[in-house]
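Fold and geometry: a report
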Amino acid sequence: GENVEQHPSTLSVQEGDSAVIKCTYSDSASNYFPWYKQELGKGPQLIIDIRSNVGEKKDQRIAVTLNKTAKHFSLHITETQPEDSAVYFCAASLTPEAGGTSYGKLTFGQGTILTVHP
Amino acid sequence: DAEITQSPRHKITETGRQVTLACHQTWNHNNMFWYRQDLGHGLRLIHYSYGVQDTNKGEVSDGYSVSRSNTEDLPLTLESAASSQTSVYFCASSGPTTSGRSNEQFFGPGTRLTVL
C-alpha cells in the first residue's frame, strides 16, 4: 500500500518568513495530493491540492509543487502570519478517474506543527 | 449550509464495552470515511464506504465495524473497546459537488474517545 513520509515534524518561523513542508510517497499510481490544515480541536480542512498532471499550483500565499519522477511534493507558505500556526498534513490518493476499485482513500503523512512567531 | 457532524464529541468508556460513534453528513456525498488520529501517526483509515450497503476495510480495521443503510450516515462501532483504541476519530465525506470537485474530503469535528 501507499506510504507517505512528511518532514519536518515541527517548524518554527518568524512572521513574514516562508515555510516549506516536504512529503514523499511510495506508490507511483497515486495521482492526487491534497494538503490539509488542522487547527486545535477541529477537523482537518483542505487548503490546496494538486493532481499528477500538474507540476505546480498556487493560491495566494500558498503553493504546492509536485515532482512525479522523484515522488515528492512540497507545500510553500510565503509571508507567514500568526494565524498560519497549525498542524499541516500532506496526503496521497487515487482519483476515481484513475480507475480501479480503491479510489479516494487518503494516506496521510505524520503531520507538521507550524508555529509562526509574531 | 451542508455539513458533516459527529457525536458524541467526547466519550469515556470501559474496556470490553461496545461503543458506537455517529457520523452524519448533509452533502449528499456517496463516499464516507472513518479515520483515527494518533500522535506520530497522522490520520489512518479505518473503514470506508462508496455508497449504501457498501463497506470496505481500511488500514487499521481490526476491532471496528461500520454499516451504511442510507447516504447520510456511517456509524462506527467498536465491538469490544480496548485501551489501544483510545484516540481521536474523524469522519469524512466526498463526492461530486456543484463545482465538480469530487476528490475533496470534508472532515467532521472529531470524537475524542477514551477507553479506561
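Provided above is the structure to which this section pertains.
Predicted, not measured: the structure shown is a model, and the values here were computed from it.

Some details on the overall build of chain B
- What chain B contains, in helices and strands, is zero helices and eleven strands.
- Walking chain B from its N terminus toward its C terminus, one meets helices and strands in the order β-β-β-β-β-β-β-β-β-β-β.
- Taken over C-alpha atoms, the radius of gyration comes to 14 Å for chain B, in line with the 13 Å a tight globule of 116 residues would show.
- The buried share of chain B, taken over its 116 residues, is 49%.
- Of the contacts made within chain B by residues no fewer than 6 positions apart, 54% connect residues no fewer than 24 positions apart.
- With an accessible surface of roughly 5500 Å², chain B has 47% of that area assigned to carbon and sulfur atoms.
- When the 9 basic and 11 acidic side-chain charges of chain B are each reduced to a single mean position, those positions are 6 Å apart.

Some details on the packing of aromatic side chains
- Counted under the stated rule, the structure contains 15 aromatic pairs over all chains.
- Ring centres 4.6 Å apart and planes at 45 degrees place the aromatic pair Tyr25 of chain A and Phe33 of chain A in the tilted group.
- Classification of Tyr25 of chain A as buried rests on a relative accessible area of 6%.
- A relative accessible area of 0% means that Phe33 of chain A is categorised as buried.
- Ring centres of Tyr35 of chain B and Phe107 of chain B lie 5.6 Å apart, and the angle between their planes is 40 degrees; this geometry places the pair in the tilted category. Of this pair, Tyr35 of chain B sits in strand S4 (residues 31-38) while Phe107 of chain B sits in strand S10 (residues 106-107), placing them 72 residues apart in sequence.
- Among the residues examined, Tyr35 of chain B registers a relative accessible area of 0% and is labelled buried.

Conventions used here
Residues numbered from 1 in each chain as written. Chains lettered and ligands numbered in written order. Predicted model: local features only at pLDDT ≥ 70, side-chain atom pairs only at ≥ 80, totals over all residues. Heavy atoms only, no water. Helix = DSSP H or I, 4+ residues; strand = E, 2+ residues; numbered from the N terminus. Rg over C-alpha atoms; globule rule 2.2 N^0.38 Å. Buried < 20%, exposed > 50% of the residue type's maximum accessible area, 1.4 Å probe, protein only. Contact = heavy atoms within 4.5 Å. Areas by Shrake-Rupley, 256 points an atom, 1.4 Å probe, with all protein chains shown as cover. Lys, Arg positive; Asp, Glu negative; His and termini not counted. Charge placed at Lys NZ, Arg CZ, Asp CG, Glu CD. Phe/Tyr/Trp six-rings, centres within 6.5 Å; stacked < 30°, edge-to-face > 60°.

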